Amino acid sequence: WNWEGDKELYPGLDKKIEEWKAKGVRFLGYINPFLAIEKNLYAYASAHGYCVKDKEGKDYLVTITTFPAAMVDFTNPEAYEWYKNLIKENMIGLGMGGWMADFGEYLPVDSVLYSGEDAALIHNRWPAIWAKMNREAIAECHKEGEVFFFTRAGHTGTIAASTMMWTGDQHVDWSVDDGLISTVPATLSLAMSGYGLTHSDAGGYTTYGKLLSRSKELLMRWEEMNAFTPLLRTHEGNQPVNDVQFDADEELLNQMAKCSKMHTTLKPYLMELNRQQEEKGTPVMRPLFYHYDEPKAYEEKTEYLLGEDMLVAPIYEEGTTSRQVYLPQDTWVHLFTKKEYHGGVFAVEAPMGQPPVFIRKSSPKYEDLMKVAK
């Protein structure tokens, strides 16, 4: 966590990024508000008094994952500009098309800030300050609309700055509380809180050795769900060696190719939903009650609407190839079988690669959306 390029590990990376960009491929990176204490950026920040302090006036060190790190004090104007310039020079300057702006929620409530403000009162605002810095870096480099970032921590002010949220570090499992399906109510809660663009790590993230590791089936089901979200992005997990990866065999590669194709075919529709979100605040992924005032629509938390015209009911139980699907009162056409349904609850078959996805038949985009399965 020393936010500059490693020229020994990645020689000529800037040139490769240019080559990839010419082919339509953008390079994404990563940053967070912490500094690894054994590196040169921390030495500079510490020497200039840029770090959050403890009550003894020392740099407040916290253990993040498995190692100690310091936090830059964003209430110090000099420190704020210095860190923002790291983004501008070492990330945007390198040619990155975007990044994960991780963390932002860890400000210790007993820390001492440059501004003299009570850290306990600033704690919830910290993610918004962090998002604002990232947004400013892009604007000051005149890269708005070309470079984007996504955040995981949020507060009221984050909405104005963050270009996209993601639902954090789910477990690599099927659990309701923090597995695959937990991302649906999380996303819908964010949607109704003003965060209209959200996605999740396809395959999850948090792994505990052999006790909790990602299976092939889980990864494939998560990918097919995320094909029908604003962003399809895989994650290797925090213990890659213990998790199945998207390129582990031919079946996995074919699933990734299929899901990627479906996702890119959806691009015009997703871009239209994004415009609605930007202009009207309408979320891209919506709870069913957003368009259907029916009792069950207010209770359903394992399905969602992608815009007004698509309904997605992910497979979220291990070893299953079908599920019960609630469809609001309307006429729906199954994306893959072309079977027509009207409102009610139905048992729907879902072989791998064909999640229960339905198109509203009266949609003016019906013909285009049905092409997603081709």
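Residues numbered from 1 in each chain as written. Predicted model: local features only at pLDDT ≥ 70, side-chain atom pairs only at ≥ 80, totals over all residues. Heavy atoms only, no water.

1. Some points on the environment of Gln329
You can see Gln329 is positioned in strand β12 (residues 322–334). Judged by its relative accessible area of 55%, Gln329 falls in the exposed class. Sequence separation between Gln329 and Asp293 is 36 residues; the distance between their C-alpha atoms is 9.6 Å. With residues up to four places along the chain from it excluded, the contact list for Gln329 reads Tyr292, Glu294, Gly343 and Gly344. (Helix = DSSP H or I, 4+ residues; strand = E, 2+ residues; numbered from the N terminus. Buried < 20%, exposed > 50% of the residue type's maximum accessible area, 1.4 Å probe, protein only. Contact = heavy atoms within 4.5 Å.)

2. Some remarks on helix α10 (residues 267–280)
Look at α10: 19 Å from first C-alpha to last across 14 residues, which is about the 20 Å you get at 1.5 Å a residue. What α10 keeps buried is the set Tyr269, Leu270, Leu273 and Gln277. Each buried residue of α10 lies within a common arc of 95° when the element is viewed along its axis, so the set occupies one face. Pointing more than 90 degrees away from the buried face of α10 are the exposed residues Lys267, Pro268, Glu278 and Glu279. Looking at the packing, one finds that the buried side of α10 touches α9 (250–265), β9 (285–286), β10 (304–306), β11 (310–312) and α11 (366–370). (Expected span 1.5 Å × (residues − 1). Arc of directions from axis to C-beta.)

3. With respect to the packing of aromatic side chains
One pass over the full model with this rule turns up 25 aromatic pairs. Ring centres of Phe34 and Tyr106 lie 6.0 Å apart, and the angle between their planes is 80°; this geometry places the pair in the edge-to-face category. You can see Phe34 sitting in strand β2 (residues 34–36) and its partner Tyr106 sitting in the loop between β5 (98–101) and α4 (119–122), a full 72 residues away along the chain. For Phe34, a relative accessible area of 1% gives the class buried. Tyr106 sits in the partly exposed class, given a relative accessible area of 39%. Note on Tyr83 and Trp130: the rings are 6.1 Å apart at their centroids and 50° apart in plane angle, and the pair reads as tilted. On the criterion of sequence distance, the pair formed by Tyr83 in helix α3 (residues 77–92) and Trp130 in helix α5 (residues 126–140) is long-range, its members being 47 residues apart. Residue class for Tyr83 comes out buried when judged on its relative accessible area of 0%. (Phe/Tyr/Trp six-rings, centres within 6.5 Å; stacked < 30°, edge-to-face > 60°.)

4. Let's talk about the nonpolar core
Leu35, Phe74, Trp82, Tyr83 and Trp99 are the most contacted members of the largest nonpolar core, which totals 44 residues. Those elements that place two or more of their residues in this core are β2, α2 (40–47), β3 (61–64), β4 (67–71), α3, β5, α4 and α5. Ranked by the residues each element gives to this core, the list is headed by α3, at eight residues. Listed in part, the 42 residues of the second largest apolar core include Trp166, Leu273, Met285 and Tyr366. (Core = buried A, V, L, I, M, F, W, Y, C linked by side-chain atoms within 4.5 Å.)

5. Description of the packing of α9 against α10
In contact at an axis separation of 5 Å, α9 and α10 are set at 50° when each is read in the N-to-C sense. Judged by the angle between their axes, α9 and α10 are oblique. Between α9 and α10, the contacting residues are His263, Thr264 and Thr265 on the first element and Lys267, Pro268 and Leu270 on the second. Broken down by class, the residue content of the contact of α9 with α10 amounts to two nonpolar, three polar and one charged. (Axes fitted to C-alpha atoms, helices over the stretch in contact; angles between N-to-C directions. Parallel < 35°, antiparallel > 145°, perpendicular 65-115°, else oblique. Nonpolar A, V, L, I, M, F, W, Y, C, P; charged D, E, K, R; others polar.)

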